[in-house]
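Structure assessment
The lines below spell out each chain.
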2 protein chains.
Amino acid sequence: MDTMLAAATLRDEAAKGGKALETVQSLTDEVGPRLAGSKGEPLAQEWAVRAMTAAGLTNVRKEAATVPVWQRGEETAELLAENPVELAVTALGGSVATPAAGLEADVVVVPTLDALEALPREKVEGKIVLVAQVMERSRDGRGYGKAVRARGLAASKAAKLGAIAALVRSIGTDDNRLPHTGAMRYEDGAPKIPAGALSIPDADLLVRLVSEGKTPRLRLVLTPQALADAPSFNVVGEVVGSERPDEIVLLGAHLDSWDLGRGAIDDGAGCAIVLEAGRNAAHARERPRRTVRVVLFANEENGSGGSKAYAKTHEAEMPKHVFALEADLGAGKVFTVRFRGDDASIAASKDLVSLLAPLAITSELEPGEGGSDIRPLRSFGVPVADAEQDATRYFDFHHTANDTLDKIDRAEIDQAAAAVTTLAYAAAHTRASFGRVPEKKHD
Amino acid sequence: MDTMLAAATLRDEAAKGGKALETVQSLTDEVGPRLAGSKGEPLAQEWAVRAMTAAGLTNVRKEAATVPVWQRGEETAELLAENPVELAVTALGGSVATPAAGLEADVVVVPTLDALEALPREKVEGKIVLVAQVMERSRDGRGYGKAVRARGLAASKAAKLGAIAALVRSIGTDDNRLPHTGAMRYEDGAPKIPAGALSIPDADLLVRLVSEGKTPRLRLVLTPQALADAPSFNVVGEVVGSERPDEIVLLGAHLDSWDLGRGAIDDGAGCAIVLEAGRNAAHARERPRRTVRVVLFANEENGSGGSKAYAKTHEAEMPKHVFALEADLGAGKVFTVRFRGDDASIAASKDLVSLLAPLAITSELEPGEGGSDIRPLRSFGVPVADAEQDATRYFDFHHTANDTLDKIDRAEIDQAAAAVTTLAYAAAHTRASFGRVPEKKHD
């Protein structure tokens, strides 16, 4: 059978619907949250081995990685007043702790990191800083990239001006009193101060109080702790190629999830999508010529230990990684695909784009980024692509307690699974080359 | 000026927008939660005295009431498993406590109270019961009335069969991991067991586990306590009638709110709406012939102490209460008005209905119920009406931490305030009689 015809046949079968929703249900109901170093993490790995085997993948194995262990503690924020009220707060991943009894200070509110950096030290010293960064809603989630810098950097920027703690308005697009966690990092040389996120309505309350000339005062308790790094695993399975088994099309997603929710959209959905793509490739009437390798990475959320380990373990194999894609933007429909490659990639990708048209998927000229777990592959010249999913509602739930199964629509995740199935199978089955991508071309 | 013309003029001025949103902001930002017996309650009363005075009401006063005092304690529900997960739970108002260390038991899930009552004792004894009652979304909120019985009665129905605790799927229409509290009551003769609500995604997780043949096991901690009844107050203000000052058109709302949120939609919005109606009547070019009395009731949520006190204090005045209305269904637009009266009421209400047409408000034949605070007035024959607000989203937030200012749309609450302004002013200014309503007519 012609490659294109084989891929189109598989696409049409996948588009009828598969087991993606059941896969997320199994992972989230049976395992639940699975942050690096948590009780859920090894259970999720065992689950992944079973799920890959059941999907018909072979060479299913766990590959060693090292991950940081950060555990959430108590977390409360009390707005001090005649009638004190509790604000919904959560520690950011990697934050140090407040004293056990908490700390108490006036709050300085700024709209952005730039506004924070423009403040004189005397306005900030001894205070709690709130960076009330607003995130814009959009289909492609571009607002996240713009806003999330505040989460990562607020603590160190504030600490350099003498702040004793830093809060951000949750990086999200909802109106729920459920804060969004996520990783932050400390800059070298800046004092380490506790960092948290307030729910959006709570942050906006402080913004209003300040706009009325008031000075809100908080008692903040955040008692997370960092333990020693721990051993962990990526879970890997394959559909071995029929003609070029050493050439690899990599499909990634991440198995870990933040502790507040159950990791349904982030990234149970991505795991389910790439497992469907693997299942479909394994059961295709024509085995793909190249190997499809499904990798469920450890520790994407707070350290990328899995990603680093994969790149190191498979370094010798990197020239044979011919195409890579990560599913890590929820359970929405794929609406466009962005490729990243040289002229050869662009020629080869044309076939893939035409295969996706019946799923109402276009392609864009803007180069793909690749998900965070496959980013290290770019330095080896591996062509990557993004199957962009509709993320209009994704950041309502992302990194919150609301990341649960009910947020997934069966028809949407089925479409995404069909799209990734088609891309992966066609990329693996085609005799065309995607070439190599000199890292400097786009960076 | 003709009564109708005066009312139409006031309606058109009110429809341009008023201070309703600012009023809710002031109450929720400056006072916040204000459950009976809490720190916020007296602050809210002082706020109400100031707000009524600023609105131009006279005879502003606090009228004594007695309220129960129930205080929330610790509340956690852990789903026991290899990877234990926290479920989002809250105690129902009036619940007794578990032991401080909690209780641990298997969970029996039933879809309805009827299904619970059909179970044999041996299926329930020693267990935690979850009544997974589903609430239907609708514009008029009718799904609430059907579903809320489960919240009120689950504990006693379960206790009679030997259960050690009862949970309900939150009575709401959202998909957030924020449980809905609300009052429950114990039946005489049934053992008192702790009662709570799980968030909807958490309840549905247990439903799924049971449907797969599993037996979920929970550790449940709920440590609320009931203290002695306490003195409280309704806050009352008036626009004294120009011709018939002894005849009263009563506009009610409730000042108390559940502790989890900030009481913006329930019932800061209602307070703001009736305060706008009072403000508009006070500033009308023609003072209304009858007295408009605004009553912000204490303790609607968990005991109706304010409502009972009002009916008792004003018993002698009841024959002079000619019309009553309570705003307690959020901040949405009014879409219909339901009257409750005899033939005289129906004749008089026709004028009111025609005045409301420019606000896109219809009337319905189904009789009005009157809000819960003015229900006692019905036994004195007082004609009541409901200005039905669009409650499509109300039960997403009702009785949860999500009841915050940002859930209110300015144009919508302005329309509701204009509608109640029009109804109240016309009812007070008209020379027509609304008659009396024999209690038996509808009950």
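Residue numbers restart at each chain and count upward from 1, following the sequence in its written direction. A letter from A marks each chain and a number from 1 marks each ligand, given out in the order of writing. Note on the predicted model: pLDDT of at least 70 is required for a residue's local features to be given, and 80 or more for side-chain atom pairs to be given and counted; whole-chain, interface and lining totals, by contrast, use all residues. In computing side-chain values, all of the structure's heavy atoms are included and hydrogens and water are not.

Overview of the overall build of chain A
Quick note on the threshold: Secondary structure follows DSSP: runs of H or I at least 4 residues long count as helices, runs of E at least 2 residues long count as strands, and numbering of each begins at the N terminus. The classification of residues rests on relative accessible area computed with a 1.4 Å probe and restricted to protein chains. Under 20% of the type maximum is buried, over 50% is exposed, and intermediate values are partly exposed. Contacts were defined at the residue level, with two residues in contact if any of their heavy atoms lie within 4.5 Å.
Per the secondary structure count, chain A includes 13 helices and 16 strands. Across its three principal axes, chain A shows a C-alpha extent of roughly 75 × 40 × 40 Å. For chain A, with 443 residues in total, the buried portion stands at 63%. Across chain A, every contact between residues at least 6 apart in sequence was considered, and the portion connecting residues at least 24 apart equals 83%.

Examining the interface of chain A and chain B
Filter applied, for reference: Salt bridges are defined as contacts in which a side-chain nitrogen from Lys or Arg sits within 4 Å of a carboxyl oxygen from Asp or Glu. Under this definition, polar contacts are N or O atom pairs within 3.5 Å; protein pairs additionally need one hydrogen-donor-capable and one acceptor-capable atom, and for neighbouring residues in sequence, both atoms have to be side-chain atoms. By the convention adopted, Pro, Cys, Tyr, Trp, Phe, Met, Ile, Leu, Val and Ala count as nonpolar, Lys, Arg, Asp and Glu as charged, and the other residues, Gly among them, as polar.
Taken together, the contact pairs 36 residues of chain A with 36 residues of chain B. At the junction of chain A and chain B, the tally comes to 4 salt bridges. For the salt bridge of Arg262 of chain B with Asp202 of chain A, the shortest nitrogen-to-oxygen distance reads 2.5 Å. Taken together, the connections running from chain A to chain B amount to 23 residue pairs in polar contact (both at pLDDT 80 or more). The element that contributes the greatest number of residues to the side of chain A that touches chain B is helix H7 (residues 200-211) of chain A, accounting for 5 residues. Each residue belonging to the side of chain A that touches chain B can be placed in one class, and the counts come to 13 nonpolar, 8 polar and 15 charged.

A word on the relation of the copies chain A and chain B
What counts, and what does not: The copies were overlaid by least squares, fitting only the C-alpha atoms of residues that reach a pLDDT of 70 or more in each copy.
Superposition record for chain A on chain B: RMSD 0.0 Å, screw rotation 180°, translation along axis 0.0 Å. Taken together, the turn and the small shift mark the pair as related by a two-fold rotation axis. A share of 100% of interface residues in chain A that are also interface residues in chain B marks the association as one of identical surfaces.

Some points on the packing of aromatic side chains
Residue and element names in this part refer to chain A. The test is simple: Centres within 6.5 Å are what make two rings of Phe, Tyr or Trp a pair, Trp counting through its six-membered ring; a difference in plane orientation under 30 degrees is then read as stacked, over 60 as edge-to-face, and the rest as tilted.
Inspection of every chain in the model, using the stated rule, returns 12 aromatic pairs over all chains. Taken together, a centroid distance of 4.9 Å and an interplanar angle of 45° make the contact between Phe323 and Phe434 tilted. Here Phe323 is found in strand S13 (residues 321-326), whereas its partner Phe434 is found in the segment after helix H13 (410-429), with 111 residues between them in sequence. For the pair Phe323 and Phe434, one class covers both residues: buried. Pairing Tyr394 with Phe395 gives two aromatic rings, centres 4.8 Å apart and planes at 80°, and the pair type is edge-to-face.

Re the environment of Ser257 of chain B
All names here are of chain B. Assignment of secondary structure puts Ser257 in the loop between strand S11 (244-254) and helix H8 (264-282). Considering only alpha carbons, one finds Ser257 and His399, 142 residues apart in sequence, at a separation of 8.3 Å. Setting aside anything within four residues of it in sequence, one finds Ser257 in contact with Gly32, Pro33, Arg34, Leu35, Arg262, Gly263, Asp266 and Glu301. A polar atom in the side chain of Ser257 sits 3.3 Å from the backbone nitrogen of Arg34.

Details of the pattern of salt bridges
All names here are of chain A. Applying the stated rule across the entire model yields 78 salt bridges over all chains. The salt bridge partner of Glu238 is Arg293, with a shortest N-O separation of 2.7 Å. Within this pair, whereas Glu238 is found in strand S10 (residues 225-239), its partner Arg293 is found in strand S12 (residues 290-297), the two being separated by 55 residues in sequence. Judged by relative accessible area, which is 7%, Glu238 ranks as buried. Between Arg290 and Glu247 there is a salt bridge whose closest N-O contact spans 2.6 Å. Taken together, the residues Arg290 in strand S12 and Glu247 in strand S11 (residues 244-254) connect sequence positions 43 residues apart. Residue Arg290 shares its accessibility class with Glu247, and that shared class is buried.

Description of the sheet that holds strand S4 (residues 89-91) of chain A
Residue and element names in this part refer to chain A. So the rule is basically this: Two strands make a pair as long as DSSP finds a minimum of two bridges between them. As a rule, the C-alpha atoms of each element are fitted with a line to give its axis, helices using only the stretch in contact, and angles between N-to-C directions run from 0 to 180 degrees.
Strand order in the open sheet made by the 8 strands is S3-S2-S9-S5-S6-S7-S8-S4, with mixed pairing throughout. The open sheet has two edge strands, strand S3 (85-87) and S4, and neither has a second partner. Ignoring strand direction, the axes of neighbouring strands in this sheet form an average angle of 35°. Two elements, S4 and strand S8 (residues 195-198), share 3 bridges in a ladder whose sense is antiparallel. What sits directly across from Val89, in S8, is Leu198.

Some remarks on the side chain of Asn402 of chain B
Considering the arrangement of structural elements, one finds Asn402 of chain B in the loop between helix H12 (394-397) and helix H13 (410-429). Taking relative accessible area as the criterion, Asn402 of chain B reaches 0% and is therefore assigned buried. Polar contacts involving the side chain of Asn402 of chain B include one to the side chain of Asn176 of chain A, which spans 2.7 Å. Sequence-distant contacts of Asn402 of chain B, defined by excluding residues within four places in its chain, comprise Asp175, Asn176 and Arg177 of chain A together with Asn176, Leu178, Phe397 and Lys407 of chain B.

Side note on H7 of chain A
Short version of the rule: Residue count minus one, scaled by 1.5 Å, sets the expected span of a helix.
A rise of 1.5 Å per residue sets the reference length of H7 of chain A, with its 12 residues, at 16 Å; its end C-alpha atoms lie 16 Å apart and thus fit the reference within 8%. Positive phi shows up at Gly213 of chain A, right after H7 of chain A, with a value of about 85°.

Quick notes on the packing of helix H1 (residues 3-15) of chain B against H13 of chain B
Residue and element names in this part refer to chain B. Cut-off, in case you're wondering: The labels follow the angle: roughly parallel below 35 degrees, roughly antiparallel above 145, roughly perpendicular from 65 to 115, and oblique for the rest. For any pair of crossing helices, the crossing counts as left-handed if the nearer helix is rotated counterclockwise from the farther one by less than a right angle, and right-handed if it is rotated clockwise.
One way to put it is that H1 packs onto H13 with a least axis distance of 9 Å and a crossing angle of 160°. Classified by the angle between their axes, H1 and H13 sit roughly antiparallel to one another. In this structure, H1 meets H13 at a crossing whose hand is right-handed. Packed against H1, whose contacting residues are Thr3, Ala6, Ala7, Leu10, Arg11, Ala14 and Ala15, the element H13 presents Asp414, Ala418, Thr421, Thr422, Tyr425, Ala426 and His429 at the interface.

Points about the confidence of the model for chain A
Low pLDDT marks stretches whose predicted atomic positions should not be read closely. Short version of the rule: pLDDT: the predictor's confidence for each residue, scored from 0 to 100.
Confidence along chain A averages 96 in pLDDT terms, with 99% of residues attaining 70 or more. Among the scores for the predicted complex, ipTM is 0.96 and pTM is 0.96.

Structural notes on unusual backbone geometry
Most of the time, phi is negative for any residue but glycine, and the peptide bond is trans. Residue and element names in this part refer to chain A. A cis amide bond links Asp266 to the next residue, Asp267, at an omega of 5°. Turning to its location among the elements, Asp267 is positioned in helix H8 (residues 264-282). Positioned with a positive phi, Asn299 is a non-glycine residue whose angle comes to about 60°. Relative to the elements of secondary structure, Asn299 occurs in the loop between S12 and helix H9 (305-313). Its relative accessible area of 0% is what places Asn299 among the buried residues.

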